[in-house]
Amino acid sequence: MYEFAVAPAVTSIRRRGVEIAGVSPESIGSELELESGDRITKVNGRTIRDYLDFRFQTAGETELVLEVRKASGEDWELQIERGEGEDFGLSFEQIVPRQCANECIFCFCNGNPADARPSLFIKDEDVRLSFLYGNYTTLTSITEDKMQRIVEQRLSPQYVSIHATDLDVRAYLLGIEKQRADIAPKLRRLLDAGIEIHAQVVLCPGINDGAVLRKTIADLAEEFPRITSVAIVPLGLTRYNTDPRLTAVTPDFCRQIISEVSAIQSEFRNTLGTTFAFLGDEIYLRAGRAVPARSHYGNYPQIEDGIGMVRSFKTQFSALAKRLERGLLRQNKLRGTLLTGTLFAPVFAPLIEKLNTRLGTELSVAGVENNYFGGDVSVAGLLTGSDLLAARRQVKGDFVIIPKSTLKSDEEIMLDGMTLKELNQKLGLPVHAFDLQSFGRFLSA
Ligand code: SF4
């Protein structure tokens with residue numbers, strides 16, 4: 001109940017069913033004359049709440065009865081026969097996230113400037129998004145209904161923020177009472193039901209490091225392989241996080257953590273056959289250390305959480321460089337600047353220098369300070385339009401490349417509201433937002 005009490009108004013007046021966002025031509029959906037705006041409310045008599053329900057209720061079924069509320073207000077009942085595995089050709093509205101009821105002392109929402117985009121203040125805690133996108137939840141306010149749903153619909157794996165297995169420390173970090181911080185029975189229930197768990201620790205110096213961290217890792221490892229991995233990521237402080245309980249992560253702290261955790265990792269590789277407890281890339285970069293080799297990361301179980309992203313990028317970059325060397329390059333000599341965060345720039349610059357030598361391009365890398373968030377925020381994905389604009393003096397050549405991750409996934413807009421087009425105009429040069437694949441295509445176009 002509490003979960004709903006803190007949910008935004010849009011979720012408390014949730015309409016029945018799941019809304020269709022698009023219908024592919026010549027699909028079952030279009031044959032049935034389904035249209036965007038229609039809502040599927042039931043499948044074979046079972047209520048549909050969202051896309052995951054639809055997927056679960058239709059999986060493996062070849063004969064179906066769909067109840068649909070048309071955008072026009074009419075109610076339709078559709079009898080369907082389809083071939084095994086035949087797709088409906090439907091896309092659906094996005095899931096509106098449930099919100100958390102915690103008051104974490106390090107919550108990223110407290111680190112936003114007051115005028116940041118409203119979406120940056122959404123404290124999502126949703127097991128559906130955990131399953132779909134690897135978002136972390138704390139399981140502190142999960143309802144019985146949601147617990148049953150994870151098990152029944154096999155929403156596995158789940159990504160759970162543990163932070164500390166010491167209950168006092170966990171409750172302190174989450175800003176809630178100890179009783180609610182205790183998720184041991186819920187975790188056990190999920191694990192016993194065969195749900196795979198990936199854990200996370202946001203490392204806060206002086207709070208959950210040292211003996212608390214060692215205990216957390218050891219306790220979680222007891223459940224290996226049901227708990228598959230632990231991501232240990234550093235606390236990030238912007239200039240707006242002024243909570244006196246928090247201490248900034250320093251390069252010395254990172255070196256200390258690497259030395260402590262490396263010993264534990266080696267032991268796990270011997271006993272469990274996996275590194276199990278992974279340190280965030282940021283910890284190695286801030287420590288001024290090289291990121292571990294590819295074998296350290298296995299199948300990169302927590303790459304979305306910044307674990308092994310740099311190693312994976314380097315591997316893919318060197319494959320791309322080889323491909324480009326063998327293939328056709330643009331005829332004209334390319335001269336431009338790649339802007340990135342100050343954390344990644346020292347890793348990226350030597351890769352680009354090597355590429356220049358191999359291909360004859362004249363590309364340069366510039367690390368951009370993050371003044372929008374300030375503090376120790378130095379990752380590329382949090383750079384804003386105003387930060388990139390302020391780096392104009394570092395720009396050389398005929399074009400600028402910025403990381404695609406600085407843009408919203410469905411719109412060419414940055415965290416401070418500046419659009420790519422505006423940045424283009426203000427810099428007076430073409431600006432391209434690329435990931436590695438589109439960068440490769442650009443060089444060989
Ligand atoms: S669980 Fe996440 S969103 Fe909720 S308060 Fe903690 S850090 Fe913020």
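Residues numbered from 1 in each chain as written. Predicted model: local features only at pLDDT ≥ 70, side-chain atom pairs only at ≥ 80, totals over all residues. Heavy atoms only, no water.

Structural notes on the nonpolar core
Link 1 in the chain: Of all hydrophobic cores here, the largest spans 95 residues; its most connected members are F106, I232, F317, L355 and F439.
Link 2 in the chain: It is helix α11 (residues 251–271) that provides the largest number of residues to this core, a total of seven residues.
Link 3 in the chain: With residues near it in sequence (within four places) discarded, F106 still touches H163, L173, V202, C204, L235 and L246.
Link 4 in the chain: Listed in part, the 18 residues of the second largest apolar core include A366, V368, L388 and A433. (Core = buried A, V, L, I, M, F, W, Y, C linked by side-chain atoms within 4.5 Å. Buried < 20%, exposed > 50% of the residue type's maximum accessible area, 1.4 Å probe, protein only. Helix = DSSP H or I, 4+ residues; strand = E, 2+ residues; numbered from the N terminus. Contact = heavy atoms within 4.5 Å.)

Quick word on helix α4 (residues 51–58)
Link 1 in the chain: Within the sequence span of α4, burial applies to L52, D53, F54, Q57 and T58.
Link 2 in the chain: G60, located one to two residues past α4, shows a positive phi value of around 75°.

Some points on the pattern of salt bridges
Link 1 in the chain: Considering all chains together, one arrives at 30 salt bridges under this definition.
Link 2 in the chain: For E144, the salt bridge identified is with R189, shortest N-O distance 2.9 Å. Of the two residues, E144 sits in helix α6 (residues 144–152) while R189 sits in helix α9 (residues 184–192), which places them 45 residues apart along the sequence.
Link 3 in the chain: One salt bridge connects R286 with E282, and the closest N-O pair in it is separated by 2.8 Å. Within this pair, R286 and its partner E282 are both found in helix α12 (residues 281–287), separated by four residues, close to a single helical turn.
Link 4 in the chain: Note on E282: relative accessible area 22%, which makes it partly exposed. (Salt bridge = Lys/Arg side-chain N within 4 Å of Asp/Glu carboxyl O.)

Overview of the pairing of strand β2 (residues 39–43)
Link 1 in the chain: Most of β2 sits inside the fold, with four of its five residues counted as buried.
Link 2 in the chain: Strand direction decides the pairing type here: strand β1 (residues 18–23) and β2, joined by two bridges, are antiparallel. Among the inter-strand pairings, E19 is bridged to a residue of β2, identified as R39.
Link 3 in the chain: Here two bridges tie β2 to strand β3 (residues 46–47), and the two strands are oriented antiparallel to one another. When the sheet's bridge partners are listed, V43 is paired in β3 with R46. (Pairing = 2+ DSSP bridges.)

Focus on the packing of aromatic side chains
Link 1 in the chain: Scanning the model with the defined rule gives 17 aromatic pairs in all.
Link 2 in the chain: Seen in terms of ring centroids, F317 and F439 are 6.5 Å apart; in terms of plane orientation they differ by 20°. Their pairing is stacked. With F317 in helix α13 (residues 309–326) and F439 in helix α17 (residues 436–444), this pair connects stretches of sequence that are 122 residues apart.
Link 3 in the chain: For F317, a relative accessible area of 3% gives the class buried. (Phe/Tyr/Trp six-rings, centres within 6.5 Å; stacked < 30°, edge-to-face > 60°.)

What to know about the sheet that holds strand β11 (residues 335–341)
Link 1 in the chain: On the basis of which strands lie adjacent, the open sheet formed by four strands has the order β12-β11-β13-β14 and parallel pairing. Only two strands of the sheet have a single partner each, and these edge strands are β12 (362–368) and β14 (431–434). Pairs of neighbouring strands in the sheet enclose a mean axial angle of 25°, with direction left out of account.
Link 2 in the chain: Where β11 meets strand β13 (residues 399–403), three bridges bridge the pair, whose relative direction is parallel. Within the sheet, the bridge partner assigned to L338 lies in β13 and is I401.
Link 3 in the chain: Strands in contact with helix α14 (residues 345–359) are β11 and β12; relative to β12, the strand with the most contacts, it is inclined by about 175°. (Axes fitted to C-alpha atoms, helices over the stretch in contact; angles between N-to-C directions.)

Interpretation in functional terms is not warranted from these geometric data alone.
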